[in-house]
Amino acid sequence: LEMDPENAEAACQLGDFLTFDLLKYMDARRFDGKGSMRSFGEESGMEAASYYQYAILKDPYCRRAYYGLGFLSLESAHPEQLIALSKSLLERYPGDRDGLLFLGLGHMSVSNFEEADNAFREALARMPPGERWVLESPELIATDEALSDLGIVVGGENLPDAELSRFWTPRDPLLLTRFNE
């Protein structure tokens, strides 16, 4: 970055490195077992955010910087920041499925369930079947016994909507809306 201060990718690489540092220290204990190393992680997170922000300043279309800041917003529990950042990304890349997922997570975190549902549904609609399966498949969270009780065949890449509804609908705590609060 010193050699090329305009290089948004270099700023993102520094941001990524510091983000890994944040993850390493957030839940770590000191070697003597007396205390946390969380402050080191928080410091790395703030520094990472500054590099991602610098990257966006140099290249407002640098998706990697938006994604890095989005992750940091999730980690630091700043949903309003995540919503604003996602909207900014979506202004530059309308329909970006990862931006839509971040937007949904931000809205969900502040209990804007209708907005979260809309963002999640739009993101899912833009995903190829293999990626969508990872987010929708009950196979990843339910036991084989629970699936067989519902008559869901394990291993199906594209479960019919009826089978998905049979699994997800009873898990909606209030059953008041088409989405799960």
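Remember, it's a predicted structure, so these values are computed and weren't measured experimentally. (Residues numbered from 1 in each chain as written. Predicted model: local features only at pLDDT ≥ 70, side-chain atom pairs only at ≥ 80, totals over all residues. Heavy atoms only, no water.)

J.: With reference to specific residues and values, describe the packing of helix H1 (residues 8-26) against helix H3 (residues 63-75).
T.: Put simply, H1 and H3 touch, their axes get as near as 10 Å, and they point 20° apart. Of the possible angle classes, the one that applies to H1 and H3 is roughly parallel. At the point where H1 passes H3, the crossing takes the left-handed sense. For the pair H1 and H3, the contacting residues are Glu9, Cys12, Gln13, Asp16, Thr19, Leu22 and Leu23 in the first and Arg64, Ala65, Phe71, Leu72 and Glu75 in the second. Of the residues in the contact of H1 with H3, the class split is 6 nonpolar, 2 polar and 4 charged. (Axes fitted to C-alpha atoms, helices over the stretch in contact; angles between N-to-C directions. Helix = DSSP H or I, 4+ residues; strand = E, 2+ residues; numbered from the N terminus. Parallel < 35°, antiparallel > 145°, perpendicular 65-115°, else oblique. Left-handed = near helix turned anticlockwise from the far one by under 90°. Contact = heavy atoms within 4.5 Å. Nonpolar A, V, L, I, M, F, W, Y, C, P; charged D, E, K, R; others polar.)

J.: Break down the packing of aromatic side chains for me, with residues and values.
T.: Here the structure, examined in full by the defined rule, presents 3 aromatic pairs. Their ring planes at 45° and their centres at 5.9 Å tell us that tyrosine 25 and phenylalanine 40 sit as a pair that is tilted. Here phenylalanine 40 lies in helix H2 (residues 38-58) and tyrosine 25 lies in helix H1, a separation of 15 residues in the sequence. For phenylalanine 40, a relative accessible area of 45% gives the class partly exposed. Aromatic side chains tyrosine 61 and tyrosine 93 sit 5.9 Å apart centroid to centroid with 85° between the ring planes, which places their arrangement in the edge-to-face category. Of this pair, tyrosine 61 sits in the loop between H2 and H3 while tyrosine 93 sits in the loop between helix H4 (79-92) and helix H5 (97-109), placing them 32 residues apart in sequence. Of note, arginine 63 hangs over the ring of tyrosine 93, and the distance from its end group to the ring centre comes to 3.8 Å. (Phe/Tyr/Trp six-rings, centres within 6.5 Å; stacked < 30°, edge-to-face > 60°. Buried < 20%, exposed > 50% of the residue type's maximum accessible area, 1.4 Å probe, protein only. Lys NZ or Arg CZ within 6 Å of the ring centre and 35° of its normal.)

J.: Quick rundown of the environment of arginine 132? Include the residues and the values.
T.: Mapped onto the secondary structure, arginine 132 falls in helix H7 (residues 129-136). Other than its neighbours up to four places away in sequence, arginine 132 contacts Leu124, Ala125 and Met127. Engagement of the side chain of arginine 132 in a polar contact is seen with the backbone oxygen of leucine 124, the distance being 3.2 Å. (Polar contact = N/O pair within 3.5 Å; in protein donor to acceptor, adjacent residues only side chain to side chain.)

J.: Tell me about the side chain of serine 86, residues and numbers included.
T.: Mapped onto the elements of the fold, serine 86 is located in helix H4. Taking the relative accessible area as the measure of exposure, serine 86 reaches 3% and is therefore buried. At 2.7 Å, the side chain of serine 86 forms a polar contact with the backbone oxygen of leucine 82.

J.: Now, about the nonpolar core: what can you tell me, with residues and values included?
T.: Judged by nonpolar contacts, the single largest core of 18 residues is most densely connected at Cys12, Tyr52, Ala55, Ile56, Ala65, Leu69 and Leu72. If one sorts the elements of this core by residue count, H1 sits on top with 6 residues. Residues contacting alanine 55, with those up to four places away along its chain left out, are Ala8, Ala11, Cys12, Cys62 and Ala65. The next biggest cluster of nonpolar side chains, apart from the first, holds 9 residues, and it includes Leu100, Leu103, Ala119 and Leu124. (Core = buried A, V, L, I, M, F, W, Y, C linked by side-chain atoms within 4.5 Å.)

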